[in-house]
Amino acid sequence: MSASVRLEAITQSFARRGRRRAALSGVSLDIEAGEFVTVVGPSGCGKSTLLDLVAGHTRPQRGSVTVDGVAVSGPGPERMIVFQEHALFPWLSVQANVEFGLRSAGVDPASRAGTAHAWIARVGLADAAHLHPHELSGGMRQRAALARALALAPQVLLMDEPFSALDAPSRDRLHVELQDLWRETGTTIIFVTHNVREAVVLGDRVIVMSSGPGRIMGEVSVTLPRPRVVESGRVVDLAQQVRGLLDEADQMGIAAPREGQDGYVTI
Ligand SMILES: Nc1ncnc2c1ncn2[C@@H]1O[C@H](COP(=O)(O)OP(=O)(O)OP(=O)(O)O)[C@@H](O)[C@H]1O
Ligand SMILES: [Mg+2]
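On a predicted model such as this, the values are computed, not experimentally measured, just so you know.

A water-sized probe, rolled over the atoms, reveals where empty space remains. Of the pockets and cavities examined, the largest pocket occupies roughly 360 Å³. Along its surface, the largest pocket is lined by 21 residues, and Met 80, Ile 81, Gly 101, Arg 148 and Leu 152 are the ones closest to its centre. Going through the elements one at a time, strand E6 (79–82), helix H2 (94–104) and helix H4 (138–150) are the ones with two or more residues in the lining of the largest pocket. When grouped by side-chain class, the residues that make up the lining of the largest pocket number 14 nonpolar, five polar and two charged. The two domains that each donate at least three residues to the lining of the largest pocket are domain 1 (1–78 + 155–163 + 173–227 + 246–267) and domain 2 (89–153).

Laid out in structure tokens, this is it:
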């Protein structure tokens, strides 16, 4: 199951010390149903804000967010988010964590245990279903968080630097597995990362953002066959292109208005 996502002319600002500062300015992005899009950009350019808008945790101040043509009006199980910090309940086992997600989404009690276990097995945690989060490695926790999200069969999966706290071998394995899961489920994925090679390995397109305020600088399309691996020469070449855009984005950030100048509006 998948859905298209459209962000249209989003401008989003936050109040800080009595002033409103734009976090996103005129951001428009069209994502096809079933597409895997990765997003990179300097810290503070509004990547998480963008995911929050699609998740429905934040309402757009200007512009619109639609999923399959329907305006997003709040969170829902069809749009799940996986964070860098797994956000599992520490007092529940992996099995109970995944079942909790299903219960919140109103899934029939008779099928919860089976669905939860199938997803736990699918992410390679069958033997760890009875363990609590503190008994898991970082990679296992992210797998559990992924199972909890995917168990709800989301049309859109939002991922905010989900693998950035992991060691390289765990991350590489999860890259391959996430590509498999994406192919099997067909879900639309928007994946935010600071790791340019990761963005190229995973994405059909890499969206590059700039800061001050957050805008879309450009994008690099990736048509390499999957599964891709970070060491591949063609991944490295495309990552270089993305880095070029990020360097431009950095220059824009330096040139961006400082407090008291344009871009800052006193409220
Ligand atoms: N709830 C909030 N209240 C006030 N300011 C916020 C809030 N959320 C985000 N911001 C501001 O909006 C801007 C964008 O933040 P956001 O977290 O979306 O950036 P990011 O690209 O995800 O950064 P990072 O790469 O560090 O995760 C930042 O200047 C941040 O301080
Ligand atoms: Mg962020």
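There's more to say after this.
Before going further, it helps to examine the domain arrangement of the protein chain. Parsing the protein chain into structural domains produces domain 1 (1–78 + 155–163 + 173–227 + 246–267) and domain 2 (89–153). Placing a centre on the C-alpha atoms of domain 1 and another on those of domain 2 gives a separation of 27 Å. Tallying the contact residues gives 14 residues for domain 1 and twelve residues for domain 2. Summed over both partners, the interface of domain 1 with domain 2 buries about 1,100 Å², with 65% contributed by carbon and sulfur atoms. Two residues, Arg 143 and Glu 177, come together in a salt bridge whose shortest N-O distance is 2.5 Å. Among the secondary structure elements, those contributing two or more residues to the side of domain 1 that touches domain 2 are strand E7 (156–160) and helix H5 (168–185). Counting residues per element, the side of domain 1 that touches domain 2 draws most heavily on H5, which supplies eight residues. For the side of domain 1 that touches domain 2, a count of residues per class yields eight nonpolar, two polar and four charged.

Secondary-structure assignment places Arg 183 in helix H5. The class for Arg 183 is exposed, based on a relative accessible area of 57%. Sequence separation between Arg 183 and Val 27 is 156 residues; the distance between their C-alpha atoms is 28 Å.

So, how was this worked out
- Residues numbered from 1 in each chain as written.
- Chains lettered and ligands numbered in written order.
- Predicted model: local features only at pLDDT ≥ 70, side-chain atom pairs only at ≥ 80, totals over all residues.
- Heavy atoms only, no water.
- 1 Å grid on protein atoms, 1.4 Å probe; cavity = no way out; pocket = protein on both sides within 12 Å on 5 of 7 lines; lining within 4 Å.
- Points joined across faces, edges and corners; volume = space filled by probe spheres on them.
- Helix = DSSP H or I, 4+ residues; strand = E, 2+ residues; numbered from the N terminus.
- Nonpolar A, V, L, I, M, F, W, Y, C, P; charged D, E, K, R; others polar.
- Domains from an automatic or database assignment.
- Contact = heavy atoms within 4.5 Å.
- Buried area = accessible area lost by both parts, 1.4 Å probe.
- Salt bridge = Lys/Arg side-chain N within 4 Å of Asp/Glu carboxyl O.
- Buried < 20%, exposed > 50% of the residue type's maximum accessible area, 1.4 Å probe, protein only.

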